[in-house]
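Overview (structure and organization)
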Amino acid sequence: MSAKKRKVLLVIGRGFDVRTLETARRLHALDADISVWQLVFDNGLGDSPKRSELTATNHEGLLKLVPAEKIVAVPIEIGGPVGAAVTPRNTKASLDRAGDCRDFDDVIVDISAMPRMVALTAVSVLLFKLDKLAEANGPSVNLHVTTSESVSADLGAAKGSLRDSVTFVLGFSGHLEEQTTQNWPRVWFPVLGEGQRDRLHLIQDHVNPDEICPVIPFPTRKPRRGDEVVGEHRDTLFDDFKVEPANILLASEYNPFEAYRQIFTAMERYKKALKPMGGCKLFVSPLSSKLLSIGVLLACYDHKFGKGSSDRFDVGIPYVETAVYGDPEQNAETADFELHSLWIRGEWEEPIPATASAAVTAAT
Amino acid sequence: MRKDLAESLLAKIMEWSDEEKAAERAYLESFASYKYDEYQQFSPGKRFIESLALWLGQFTGGEERREAYNFVRKRLLFISTDEMNHLVELTFPTIIRPILIADTATELGVDPHKVKAIVDTVEYRTRLRQTLVLGLSDGARTDWFRRANPQEMSNEQVFHAYDVSDPKSEGMVQDLRKHLTKILGREPHDHEARFRYIVLLDDFTGSGTSFIREDGQGGWTGKIAKIVSGLMKAGNLGDAIANSGVKIIIILYVAGDQAIEHIESRLPKLTFGKGTVEFEVVHKLGETTPLDDASDSPILGLVADDRYFDDDADDEHSKVGGTSKRYGFANCRLPLVLAHNTPNNSIYLLWAEDDQSVRGLFPRVSRHRKLQ
């Protein structure tokens, strides 16, 4: 980034989370030409004084990093505790209205302060747009996703109540309601984190899977984290869902691309194994860190839109949104988090100059 | 012992109410089935819950047993076979491949981020084939490493041991030459048909002393020092590697901070005339894993109690670690169990051997058997 002044679009959430400005600060330090789309969420319920104050502080911090005229507010109605799930559809519509990405060298989606359903929808919508732009011989714009990871900050931000219905990421329904394939076996991969018991039950009731393959974080910074996640959901997994220990998958907490590989490969195995039954329906619920959620999303995206996908397989991504946030239990002074950046598409996929590899065609 | 009998015994030893018994029994059964029963050194027919009942029974009833049980529930760190295999699977894509890509990018003078194109170059494929992977012990699981990377590596460049016979070494070089001919589209030069990356794999170290340590005479000993010395000599693997620009990459699947610090502080002082030595860990246990004097004082109180230590555990190998094995070899204080054996860097109470006066929860089979 420092080699030349790049035009960067930063897509960021307007929120209370202590991690909201970390990416903006880093970009500011690199002297990038930054424009911001600030996603402003509205669930129609208003915010508590504490959350309002934290959100306002974060916004003031952003104004110190980026001139006000380069910040575009992008309102998104995300709906209240009951009623139709509108978040994915509204997120896409808002991003469509916000503008064009083609004028930028890099689009960076900082999902640290975004509700998960907004984050997953935003990344998949922008990825699809930029892929199509490049396929149509337009510019190949880089897409990056950043997130400031902290288990304690996630838990501190997650206080609140859940919606009463299951929502699917836009474009990833898994054909759950399709009548002609109602008899196909359903396999569900819940990617587990802390405090997900209620979400698990809601999604399980909705999807009604024949087989469950929980994904546990391992390796992790805190080496017992995987065991603690299993212990916390023990009765749900082993007593209620009757999960076979052999069905448990492991996904590196550090590396979402390895989580991608685990989940993508497991899905591929089920697709092949269940072909004699006509087919199968696959579902993934990203209930762990946001970093792993992006790995999960990419696995689903590549099954449907990836260059290696022959059958455009629609994996469902069911999730239960937070309806009402409680006041966060985070401390900006002591928050211990690590900024991760994932380069999803763009220049890394492009060829290198033919002269660079002396014998590039000798054996190919 | 039958499972229900073992559970009744456990409930009696712990003096659990019916409510406590129901809750704890469900938890223990789940984790026994999920992980703990796979411990490979349990004697035939013996399983975790029975071992736990007998282990807790050696402590004085009441507070001591509750603290010991609490340690098992809150601090025990058991790395299962599946978890270890997962770490093996992560080794190539997260450590080896990025090194090869970065070196190839430097050679070609291109942006190292262009990974998709770089891995298609002859230069990358040449470096990949010039990589020799060797196991430092049985725990290296080179069989699993090989199966996890079938598209990336040839069988002939992965070997389970670092002590390679002369014919094997010569065979590896012949295979390397044959494959390079295909990759390059020509016969490789002699200097090309030599390994440039030596990857040394092992499963675990708690202290790092068996890998490298001062020999007391101004030199070095331990596995790494011996291998580096061997690679500098003529013949065998010394002839199979290039004369310069060689990277030795030591990769441990699991390591404690104490070991990482020990190895990293010594490696720069170790001379390797043909190149460099790097050290990587797939899963670092971190600073919170060793038992802490303050927060873990109840279990450390039992560890310190002479009733729960057999002096027989301290042998000549303890001297290398510099302390008694009561708190684990080299005072590592780990609460760690590996599915195939408990490391002696863990507290003695976890791994006390079957022929000793104290009962271990996951009894260890020692590498250093005493002569009878």
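Notes on the structure in this doc start here. All values reported here derive from a predicted model rather than from experimental measurement.

Reading the values: rules and limits
- Residues numbered from 1 in each chain as written.
- Chains lettered and ligands numbered in written order.
- Predicted model: local features only at pLDDT ≥ 70, side-chain atom pairs only at ≥ 80, totals over all residues.
- Heavy atoms only, no water.
- Helix = DSSP H or I, 4+ residues; strand = E, 2+ residues; numbered from the N terminus.
- Buried < 20%, exposed > 50% of the residue type's maximum accessible area, 1.4 Å probe, protein only.
- Contact = heavy atoms within 4.5 Å.
- Areas by Shrake-Rupley, 256 points an atom, 1.4 Å probe, with all protein chains shown as cover.
- Lys, Arg positive; Asp, Glu negative; His and termini not counted.
- Charge placed at Lys NZ, Arg CZ, Asp CG, Glu CD.
- Buried area = accessible area lost by both parts, 1.4 Å probe.
- Salt bridge = Lys/Arg side-chain N within 4 Å of Asp/Glu carboxyl O.
- Polar contact = N/O pair within 3.5 Å; in protein donor to acceptor, adjacent residues only side chain to side chain.

1. Points about the overall build of chain B
- If you tally the helices and strands in chain B, you get 15 helices and 9 strands.
- Referenced to the eigenvectors of the C-alpha coordinate spread, the extents of chain B come out at roughly 75 × 45 × 40 Å.
- Looking at chain B as a whole, 56% of its 372 residues qualify as buried.
- Expressed as a percentage of contacts within chain B between residues at least 6 apart in sequence, the contacts between residues at least 24 apart total 67%.
- Here chain B displays about 16200 Å² of accessible surface, and carbon together with sulfur accounts for 47% of that area.
- Put simply, chain B has 48 plus and 58 minus side-chain charges, and the middle of one group is 4 Å from the middle of the other.

2. Some details on the overall build of chain A
- A tally of helices and strands in chain A yields 10 helices and 15 strands.
- Across the 364 residues of chain A, 55% fall into the buried class.
- The contacts in chain A between residues at least 6 apart in sequence include a share of 85% that link residues at least 24 apart.
- About 15400 Å² of surface is accessible on chain A, with carbon and sulfur atoms providing 51% of the total.

3. Digging into the interface of chain B and chain A
- Contacts between chain B and chain A engage 39 residues on the former and 37 residues on the latter.
- Summed over both partners, the interface of chain B with chain A buries about 3200 Å², with 61% contributed by carbon and sulfur atoms.
- Interface area lost by chain B to chain A is led by B:Tyr34, B:His86 and B:Lys114, which between them contribute 18%.
- Counting across the chain B and chain A interface gives 1 salt bridge.
- The shortest N-O distance in the salt bridge between B:Lys35 and A:Asp227 comes to 2.6 Å.
- Across the chain B-chain A interface, the total number found is 7 residue pairs in polar contact (both at pLDDT 80 or more).

Shape descriptors only; they carry no functional weight alone.
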